[in-house]
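This is what each chain is made of:
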Amino acid sequence: QVQLVESGGGLVQPGGSLRLSCAASGMRFIFSIKAMGWYRQAPGKQRELVAAIGSGDNTNYADSVKGRFTISRENAKNTVYLQMNSLKPEDTAVYYCNVKAGDSVYTYDYWGQGTQVTVSS
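Residues numbered from 1 in each chain as written. Predicted model: local features only at pLDDT ≥ 70, side-chain atom pairs only at ≥ 80, totals over all residues. Heavy atoms only, no water.

### Some words on the pattern of salt bridges
Rules: The term salt bridge refers to a pairing of a side-chain nitrogen on Lys or Arg with a carboxyl oxygen on Asp or Glu at a separation within 4 Å. Using a 1.4 Å probe on the protein chains alone, a residue whose accessible area is under 20% of its type maximum counts as buried, one over 50% counts as exposed, and one in between counts as partly exposed.
Under the counting rule described, the total for this entry stands at 6 salt bridges. Linking Glu-74 and Lys-77 is a salt bridge whose minimum nitrogen-to-oxygen distance equals 3.8 Å. On the accessibility criterion, Glu-74 (30% relative accessible area) is partly exposed. Residue Asp-109 pairs with Lys-100 through a salt bridge whose shortest N-O separation is 2.7 Å. Look at Asp-109 and you get partly exposed, because its relative accessible area is 44%. For Lys-100, a relative accessible area of 28% gives the class partly exposed. When salt bridges with common partners are traced through the structure, they connect Arg-40, Glu-48, Arg-68 and Asp-91 into a single cluster.

Right, dumping it as structure tokens:
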């Protein structure tokens, strides 16, 4: 069973930084990770994509975080990171790690349990 373990959330003041990590384990050996990403969900809002990184290290960011957040991955450890700088109160949300993995025919979505990020003075 695939497990995604997230870490790095917490309380930070506006303008501060946090680094989220997500490590995937239990992947079937025939599976390959096709993309990894971070989503977030604030109270009363829909879950939204924050950033994603593909197998070719191509990246995609929400407009609201461009220039402030950086996504990266460490393939040998099946780990994805999200470096968040210049944090704003509107970045407050539960952040979820997402991994898209599978074989040549199927792709499956896996989700982490979520980690709270609170930006407040």
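### Some details on the sheet that holds strand β8 (residues 79-84)
For the record, the criterion: Strand pairing is assigned whenever DSSP identifies at least 2 bridges connecting the two strands. Numbering of helices and strands starts at the N terminus; helices are DSSP runs of H or I of at least 4 residues and strands are runs of E of at least 2. Only the contacting stretch of a helix is used when fitting its axis, a line to C-alpha atoms as for every element, and angles between N-to-C directions run 0 to 180 degrees.
Strand order in the open sheet formed by 4 strands is β1-β3-β8-β7, and the pairing between neighbours is antiparallel. The strands lining the two open edges of the sheet, one partner per strand, are β1 (3-7) and β7 (69-74). Sheet twist, expressed as the average angle between the axes of neighbouring strands with direction ignored, equals 15°.

### What to know about the layout of surface pockets
What counts here: Both site types are read off a 1 Å grid over the protein atoms alone. A 1.4 Å probe that fits but cannot get out defines a cavity, while an open set with protein on both sides within 12 Å along at least five of seven lines defines a pocket; lining residues have an atom within 4 Å of a point. Grid points are joined across faces, edges and corners, and a volume is the space filled by probe spheres set on the points. Polar here means any residue other than Ala, Val, Leu, Ile, Met, Phe, Trp, Tyr, Cys and Pro, which are nonpolar, and Asp, Glu, Lys and Arg, which are charged; Gly is therefore polar.
Put simply, the largest pocket is a space of about 170 Å³. Lining the largest pocket are Arg-40, Gln-41, Ala-42, Lys-45, Gln-46, Glu-48, Ser-64, Arg-68, Glu-90, Asp-91, Thr-92 and Ala-93. Looking at the lining of the largest pocket residue by residue, the class counts come to 2 nonpolar, 4 polar and 6 charged.

### Quick look at a nonpolar patch on the surface
Basically, it comes down to this: Within this analysis, patches are made of residues with over 30% relative accessible area and no salt bridge. Like charges are joined at 9 Å or less; nonpolar side chains (Val, Leu, Ile, Met, Phe, Trp, Tyr) at 5 Å or less. Using a 1.4 Å probe, accessible areas were evaluated by the Shrake-Rupley method; residue-level cover was limited to the displayed protein chains.
A contiguous nonpolar surface patch, about 330 Å² in accessible area, is contributed by Val-105, Tyr-106 and Tyr-108. Tracing the sequence through the fold places Tyr-108 in strand β10 (residues 107-111).

### Side note on the pairing of β10
Direction of pairing for strand β9 (residues 93-102) relative to β10: antiparallel, over a ladder of 5 bridges. Considered in β10, the bridge of Ala-101 is made with Tyr-108. Connecting β9 to the antiparallel partner β10 that follows it, the hairpin turn spans 4 residues.

### Quick look at the nonpolar core
Where we set the bar: For the purposes of this section, nonpolar cores are sets of buried Ala, Val, Leu, Ile, Met, Phe, Trp, Tyr and Cys residues that join through side-chain atoms within 4.5 Å.
By size, the foremost hydrophobic cluster in this structure holds 33 residues, and its most contacted members are Trp-38, Leu-82, Met-84, Tyr-95 and Val-99. When residues in this core are grouped by element, the largest group, 5 residues, is from β9.

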